[in-house]
Amino acid sequence: MNVTRRALAALPLGLAAPAFAQSGFPNAPIRLICPWGAGGTTDVQMRALADQVSRRIGQPVVVENRAGAGGVLGAQALLSARPDGYTISQIPISVFRQPLLNSRALFDPLTDFTYISHISGYLFGTVVRPDAPWNSMQDLVAYARANPGKLTYGTPGVGSSLHLTMELIAQRAGIEWVHVPFRGYAENAQALLGRQIDIVADSSGWAPAVMDGQMKLLATWGAERAKRFPNTPTLKESGIDVVSASPYGLAGPKGMDPAVVRTLDQAFRAATMDPRHIEILDRYDMAPMPMNTDEYTSFVRRTMDEERALIQRLGLRLS
């Protein structure tokens, strides 16, 4: 049995095989851009997902890191890529914010991309050093209120969900703190432990350090407490009426063949629910949120409207 036949045999019934047979796609490796740094939550999860998709389509799915610029470098790369399905990217919510925050938009999220599948969302949290004097968000907010502009917090980039949520927290709490953008969790964590910043606001790459006592988790940002951190309150339980999970999916260049999109969508949604990928999601307290192409495209339109309202409410403009 050749590689293609083995891959098709491994597919769950009704997933990907019809589109694969009709289009002949793929017959070469697929490049999956991860617009975050190596070793972070998204990188680890994307590699696990890519491995499961590779098993289903009979071709390697190669993850390429393009960290920086708040997660929009993958979307930018799609602007010059051929719409043949061999270059796709993770699409964080910051892609939808870029044209809303900047006077010179790099792209139009509603017309410049082909949305393929929605995958998951993050567990975010507020983390400090273990010797920090704050043991709760109430402590942190009280200190920030008494020392306006003194606290610094790191995120994976300007315009990211972490950045906007921290500014929303500041607005709700009536405080001021200083944003320091990094290219990913590894740099963010290093800056915290090196005492260059006071707070890490990031996805749950911090979990092992928190569990080992190298960092202190003050709050998680979901609607409910995280499974692995049942004793840590949410922002809402800490008196801050904010919930942030930053859902994300995958897209390719505009103008992709619908048969190719269908093949990718079916393969990625099957891989999302594979137990080996679910195990990685559980490691980072992430939940599977599969949506097909039509559902995800509609979600993008709703998200653009919601993000526009949030940015206007915060009065944010980057350039």
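In the block above lies the structure referred to throughout.
Residues numbered from 1 in each chain as written. Predicted model: local features only at pLDDT ≥ 70, side-chain atom pairs only at ≥ 80, totals over all residues. Heavy atoms only, no water.

1. Topic: the nonpolar core
1) Next: Counting residues in hydrophobic clusters, the biggest one holds 80 residues, and the most contacted among them are Leu 32, Ile 91, Phe 96, Trp 177, Leu 264 and Phe 268.
2) Next: Once you skip the residues sitting within four places of it in the chain, Trp 177 turns out to touch Leu 140, Ala 144, Leu 151, Tyr 153, Met 166, Glu 167, Ile 169, Ala 170 and Ile 199. (Core = buried A, V, L, I, M, F, W, Y, C linked by side-chain atoms within 4.5 Å. Buried < 20%, exposed > 50% of the residue type's maximum accessible area, 1.4 Å probe, protein only. Contact = heavy atoms within 4.5 Å.)

2. Remarks on the sheet that holds strand 2 (residues 61-65)
1) Next: Judged by pairing direction, the sheet is mixed, and its six strands sit side by side in the order 2-1-3-10-4-11 without closing on themselves. The sheet terminates laterally at strand 2 and strand 11 (288-291), the two strands that pair on one side only. Within this sheet the neighbouring strands show an average axis-to-axis angle of 30°, counted without direction.
2) Next: Of the strand pairs in this sheet, strand 1 (residues 30-34) and strand 2 are connected by five bridges, and their pairing is parallel. Within strand 2, the residue paired with Ile 33 across the bridge is Glu 64.
3) Next: Running at roughly 10° to strand 4 (residues 113-120), helix 10 (residues 258-272) makes contact with strand 1, strand 3 (87-91), strand 4, strand 10 (248-253) and strand 11 of the sheet. (Pairing = 2+ DSSP bridges. Helix = DSSP H or I, 4+ residues; strand = E, 2+ residues; numbered from the N terminus. Axes fitted to C-alpha atoms, helices over the stretch in contact; angles between N-to-C directions.)

3. Regarding helix 11 (residues 275-283)
1) Next: Turning to helix 11, its buried residues are His 277, Ile 278, Ile 280 and Leu 281. The arc that holds the buried residues of helix 11, viewed along the axis, is 155°, so those residues lie on one side. Facing away from the buried side of helix 11 by more than 90 degrees, the exposed set consists of Pro 275 and Glu 279.
2) Next: Measuring from the side-chain oxygen of the N-cap residue of helix 11 to the backbone nitrogen of Arg 276 gives 2.8 Å; that N-cap residue is Asp 274.
3) Next: The positive-phi residue at the C-terminal boundary of helix 11 is Asp 285, with phi of around 55°. (Arc of directions from axis to C-beta. Polar contact = N/O pair within 3.5 Å; in protein donor to acceptor, adjacent residues only side chain to side chain.)

4. Considering the packing of aromatic side chains
1) Next: Here the structure, examined in full by the defined rule, presents twelve aromatic pairs.
2) Next: Three or more aromatic residues joined by ring pairs make a cluster, and in this case those are Phe 96, Phe 107, Phe 113, Tyr 115, Tyr 296 and Phe 299. (Phe/Tyr/Trp six-rings, centres within 6.5 Å; stacked < 30°, edge-to-face > 60°.)

5. With respect to helix 12 (residues 293-314)
1) Next: With 22 residues, helix 12 extends 31 Å between its outermost C-alpha atoms, agreeing within 8% with the 32 Å of an ideal straight helix rising 1.5 Å per residue.
2) Next: For helix 12, the full list of buried residues reads Thr 293, Tyr 296, Phe 299, Val 300, Thr 303, Met 304, Glu 307, Leu 310, Ile 311 and Leu 314. For helix 12, the angular spread of buried residues about the axis comes to 150°, placing them on one side. Seen from the open side of helix 12, the exposed residues pointing more than 90 degrees away from its buried face are Asp 294, Asp 305, Glu 306 and Gln 312.
3) Next: Measuring from the side-chain oxygen of the N-cap residue of helix 12 to the backbone nitrogen of Asp 294 gives 3.2 Å; that N-cap residue is Asn 292.
4) Next: Backbone geometry just downstream of helix 12 places Gly 315 in the positive-phi region, at approximately 70°. (Expected span 1.5 Å × (residues − 1).)

All quantities given are derived from atomic positions and should not be read as evidence of function.
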